[in-house]
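Structural characterization, general
Residues per chain are reported as follows:
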Amino acid sequence: MRTISQADRGAILLTQQFGYSLPKAYRSLHGAITVLLMRSRNHRLTSPLQGLLAKQHQTRLQVLEISAIASESRASALQFDL
């Protein structure tokens, strides 16, 4: 899961290089992971692996949300330091 979190952070940085704001980058990645979660939930009944993937995507969303909150608090702390 650590590798996936690092990849998600890399995706956030990459989208920012293409002009996305930090909140928009998080929302876009959240939306993409949500689509993956819905797809794996729809196929969960046909394959035990899909159930495992659904749990992994759910965990990934939780980690992303925690990261977004931490990032937001760091950004607001920087504003107060200026």
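The structure contained in this document is the topic of the report that follows. (Residues numbered from 1 in each chain as written. Predicted model: local features only at pLDDT ≥ 70, side-chain atom pairs only at ≥ 80, totals over all residues. Heavy atoms only, no water.)

**Things to note about the pattern of salt bridges**
Within this structure, the stated rule accounts for one salt bridge. Taking the shortest distance from any N to any O, the salt bridge between Asp8 and Arg60 comes out at 2.6 Å. With a gap of 52 residues between them, Asp8 in helix H1 (residues 2-17) and Arg60 in helix H3 (residues 48-81) connect regions that are remote in the sequence. Per residue, the accessibility class of Asp8 equals that of Arg60, and both read buried. (Salt bridge = Lys/Arg side-chain N within 4 Å of Asp/Glu carboxyl O. Helix = DSSP H or I, 4+ residues; strand = E, 2+ residues; numbered from the N terminus. Buried < 20%, exposed > 50% of the residue type's maximum accessible area, 1.4 Å probe, protein only.)

**Thoughts on H1**
Given 3.6 residues to a turn, an α-helix orients residues that are three or four positions apart in the same direction. With 16 residues, H1 extends 23 Å between its outermost C-alpha atoms, agreeing within 8% with the 22 Å of an ideal straight helix rising 1.5 Å per residue. Within H1 the residues assigned to the buried category are Ser5, Asp8 and Ile12. The buried residues of H1 occupy an angular sector of 55° when the element is viewed end-on, so they sit on one face. Counted as exposed and oriented over 90 degrees from the buried face of H1: Thr3, Leu13 and Gln17. Trailing H1 by a residue or two, Gly19 shows a phi angle of about 100°, which is positive. (Expected span 1.5 Å × (residues − 1). Arc of directions from axis to C-beta.)

**With respect to the nonpolar core**
Membership of the largest hydrophobic core is limited to nine residues, which are Ile12, Ala25, Tyr26, Leu29, Ile33, Leu37, Ala54, Leu61 and Leu64. Those elements that provide at least two residues to this core are helix H2 (22-42) and H3. At five residues, H2 tops the list of elements feeding residues into this core. Leaving out residues up to four positions away in the same chain, Ile33 has contacts with Asp8, His57, Arg60, Leu61 and Leu64. (Core = buried A, V, L, I, M, F, W, Y, C linked by side-chain atoms within 4.5 Å. Contact = heavy atoms within 4.5 Å.)

**Focus on the packing of aromatic side chains**
The tally for this structure, following the rule as stated, stands at zero aromatic pairs. Here the guanidinium or amino end of Lys24 rests over the ring plane of Tyr20, the centre of that ring lying 5.0 Å away. (Phe/Tyr/Trp six-rings, centres within 6.5 Å; stacked < 30°, edge-to-face > 60°. Lys NZ or Arg CZ within 6 Å of the ring centre and 35° of its normal.)

All quantities given are derived from atomic positions and should not be read as evidence of function.
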